[in-house]
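# Descriptive analysis of the structure
Residue-level listing of the chains:
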Amino acid sequence: MLRLILASLLAAIAVPTLASDVQPLTIGNETIAPGTRADFRLNVPAFGEEPGTFIPVTVIHGKETGPVLAAVAGVHGYEFPPILAADRLADRIDPADLTGTVILVRIANIPSYEGKSPHLNPVDGKNLNRSFPGSRSGTSTERIADILSREVVARADFLLDLHCGDGAEYLEPFVGVYGGPLATNFQLALEVGKGFGFPNVVRYSMNTQAQVDTGRSLNRQGVASGIPTVLVEYGQNGRRDEEFVAGIVTGVENALSILGIWDEPRQNVPPVLRRFESTTAARASHSGLFYPAEPERRYWFKGDLIGTIRDYSGEEVEQIYSPIDGYALYGITGPPVREGWSVATIGNPIDGF
Ligand SMILES: [Zn+2]
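Just so it is clear, the model here is predicted, and its values are computed rather than measured. (Residues numbered from 1 in each chain as written. Predicted model: local features only at pLDDT ≥ 70, side-chain atom pairs only at ≥ 80, totals over all residues.)

## Let's talk about the overall build of the chain
The cut-off we apply is this: In DSSP terms, a helix is any run of H or I states spanning at least four residues, a strand is any run of E spanning at least two, and both are numbered starting from the N terminus. Exposure criterion: with C-beta atoms placed from backbone coordinates, a residue whose C-beta has 20 or more other C-beta atoms within 10 Å is buried, one with 12 or fewer is exposed, and one in between is partly exposed.
What the chain contains, in helices and strands, is 8 helices and 19 strands. The dimensions of the chain, computed from C-alpha atoms along their principal axes, are 70 × 55 × 40 Å. Buried positions account for 49% of the 353 residues belonging to the chain.

So, in C-alpha cells, the structure goes:
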C-alpha cells in the first residue's frame, strides 16, 4: 500500500524516460553531462561598493532522467553540521547510481562562514534566510539569495534546506514540512521528512501569500516555486558533533531513495515521536542578559517561568512565561538577548496529520 501511495505521490515529479533522452544540465556557467559530477562555484557579482562572493556547489547528474533534488547547506554559515554533511554526501553519491540529479549547495553563505558569523552576513548585517527571492542589484545577502533562487531553487523538483541551532542556540532535532493551500505535495514532503528519523515534525501551513512573502526564507522560496519543501534542523550551539552530521547524511540519503533518485535501499530510522502545527514564540521585551530558569527543560505548560532578563546594570527587568502548553524545539541559551527575540520557540502539539 505504501508503495502505491508513494508511486502516486512521485508521479507528479518523476518523469521516467529512456536513458538516451537524458540532457546535460546547465547551472551558472557550467554544463554537466549525464552520468558525471561537477564541482564549481556560482559567482555572486560585486555591486556598488560591495565585493562579490561565490557559492560552492556540487552537482551529481545521473545517467537516467528523474527528479532534481536541491539540498542547501550553510544559509547560516556558523551552522556547521549541515556543511559537514554536504561535504560527506558529495563523496558518497555516485552519478552512475542516480535516476535524476542532486544539486548540493555546500555553503550558501560564504561571507557568514568565513566571517564565523552566526545568523548574519557580516558584509551587510542581513539574515539570508529572510532575504528571498533576493535582488541582482541588492546588498550582498540579497545578491546571494537571487543566485540561489534563480540557479538552484528554480531548477529543482524538491528542496531540502539544511540548518541547525546556531551560536548560543539550543535545538531539538526536527523537520519542518510545508503544507496548506499554498504549498505543493505535502504528503510527499512528509514522507521524505519522516525518512530523516528525527523525533519531531512540524507542519508549517502556508495559508496566505503574506506568510510566503514576509521575510521570505529559503523554504518559503521553495513554496513560492511550487516544489515540495522540507526544513531540516539537527545540531546546536555552533557545535560539530558527529551525531548531528551523521543524522543529516542518513536523512538526505533516505530522501534520495524515497524520491526514486538513488537505488540504495532506505536506511532504518526511528519513527516520529511528536507532531506540531507551527510554533509559538516566547518573546523578550528587553535587551540584556538572559537567564534560563531550567536550561534542560523542553516541555512547558502555559504560565511556567521560562527565564528572566537582567539589564546591563544588573537589574531584573523581565520574567518570561510560556505562552502555551507545548515543547520547545529551539531557543536561546543566553546570555545575549535583545528586545523582540524569541527566547523559546515552542511547537504547538497536534495528534497527527
Ligand atoms: Zn539556520
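## What about helix α8 (residues 242-258)?
Applied cut-off: A helix is expected to span 1.5 Å for every residue after the first. By definition, residues are in contact whenever their C-beta atoms, placed on the basis of the backbone, come within 7 Å of each other.
When the terminal C-alpha atoms of α8 are compared, their 24 Å separation across 17 residues agrees well with the 24 Å that a helix rising 1.5 Å per residue should span. By the burial criterion, the buried members of α8 are F244, V245, G247, I248, V249, G251, V252, N254, A255, L256 and I258. Residues of α8 that are buried make contact with β5 (64-73), α2 (80-92), β6 (99-105), β7 (158-163), α5 (186-194) and β11 (229-233). Just past α8, the residue G260 takes up positive phi, approximately 80°.

## Here we look at the pairing of β7
Where a strand is regular, its side chains alternate between the two sheet faces. This is how it is decided: At least two DSSP bridges between two strands are required for those strands to pair.
Taken across its 6 residues, β7 has 6 buried, putting it largely inside the fold. Residues of β7 alternate between two faces, with F158, L160 and L162 on one and L159, D161 and H163 on the opposite face, all of them buried. Sheet analysis places β7 next to β11, joined by 5 bridges and oriented parallel. Its bridge partner being in β11, L160 is matched across the sheet by V230.

## Quick look at the domain arrangement of the chain
By a widely used convention, the size of an interface equals the accessible area lost when the partners come together. Counted only if it meets this: For each domain, the first and last residues come from an automatic or database assignment. Residues are grouped as follows: nonpolar covers Ala, Val, Leu, Ile, Met, Phe, Trp, Tyr, Cys and Pro; charged covers Asp, Glu, Lys and Arg; every other residue, Gly included, is treated as polar.
Segmentation of the chain into domains returns domain 1 (2-272) and domain 2 (279-350). Its C-alpha centre places domain 1 at a distance of 30 Å from the equivalent point of domain 2. Listed by partner, the interface residues are 10 residues for domain 1 and 10 residues for domain 2. Among the elements of the structure, β8 (169-171) and β10 (200-205) are those that each provide at least two residues to the side of domain 1 that touches domain 2. If you tally residues by element for the side of domain 1 that touches domain 2, the top one is β8, at 3 residues. Residues of the side of domain 1 that touches domain 2, tallied by class, amount to 5 nonpolar, 3 polar and 2 charged.

## Examining the nonpolar core
The following threshold applies: To count as a nonpolar core, a set of buried Ala, Val, Leu, Ile, Met, Phe, Trp, Tyr and Cys residues must be joined through C-beta atoms within 7 Å.
Of all hydrophobic cores here, the largest spans 98 residues; its most connected members are L69 and I103. The element contributing the most residues to this core is α8, with 8 residues. In this structure, this core is formed jointly by two domains, domain 1 (2-272) and domain 2 (279-350), each of which donates at least three residues. Discounting chain neighbours no more than four positions away, the residues touching I103 are I27, V57, V59, V68, A70, V152, R155 and A156.

## Thoughts on the sheet that holds strand β16 (residues 316-321)
An order of β16-β15-β13-β18 is seen for the 4 strands of this open sheet, with the pairing classed as antiparallel. Across the chains shown, the open sheet's two edge strands, defined by having one partner strand only, are β16 and β18 (336-337). Both strand β13 (residues 288-292) and strand β15 (residues 305-310) contribute to a ladder of 4 bridges, which runs antiparallel. Across the sheet, residue L289 finds its bridge partner in β15, namely R310.

## Remarks on the packing of α2 against α8
Put simply, the test is: To get an axis, a line is fitted to the C-alpha atoms, and for a helix only the part in contact is used. The angle between two axes follows their N-to-C directions and goes from 0 to 180 degrees. The scheme is simple: roughly parallel for angles under 35 degrees, roughly antiparallel for over 145, roughly perpendicular for 65 to 115, oblique for anything else. Helix crossings are classified by the rotation of the near helix relative to the far one: an anticlockwise turn of less than a right angle makes the crossing left-handed, while a clockwise turn makes it right-handed.
Contact pair α2 / α8: the axes reach a minimum separation of 8 Å and the direction vectors enclose 55°. With respect to α8, the element α2 is oriented oblique. Here α2 and α8 pass one another in a crossing that is right-handed. Touching P81, P82, L84, A85, R88 and L89 of α2 are F244, V245, I248, V249 and V252, all from α8. Across the contact of α2 with α8, the residue classes break down as 10 nonpolar, no polar and 1 charged.

## Remarks on helix α4 (residues 140-152)
With 13 residues, α4 should cover 18 Å at 1.5 Å per step; its first-to-last C-alpha distance of 18 Å lies within 8% of that length. Buried residues dominate α4, accounting for 11 of its 13 residues. Among all positions in α4, only S140, T141, E142, R143, I144, A145, I147, L148, S149, E151 and V152 are buried.

## Digging into unusual backbone geometry
Cis geometry marks the peptide bond from F132 to P133; its omega dihedral reads 5°. Cis geometry marks the peptide bond from G334 to P335; its omega dihedral reads 5°. The phi angle at H119 is positive, at roughly 65°, despite the residue not being glycine. With a phi angle near 50°, N185 is a residue other than glycine that sits in the positive phi range. Secondary-structure assignment places N185 in the loop between β9 (174-179) and α5.

## Section: the environment of S140
Checked against the element boundaries, S140 lands in helix α4. Measuring from C-alpha to C-alpha, the distance between S140 and L84 comes to 24 Å, with 56 residues separating the pair along the chain. With residues near it in sequence (within four places) discarded, S140 still touches E50, T53, P111, N121, V123 and D124.

## Remarks on the environment of G288
Of note, G288 is situated in strand β13. If near-sequence neighbours (up to four positions away) are discounted, G288 is found in contact with I309, R310, D311, Y312, V317 and V337.

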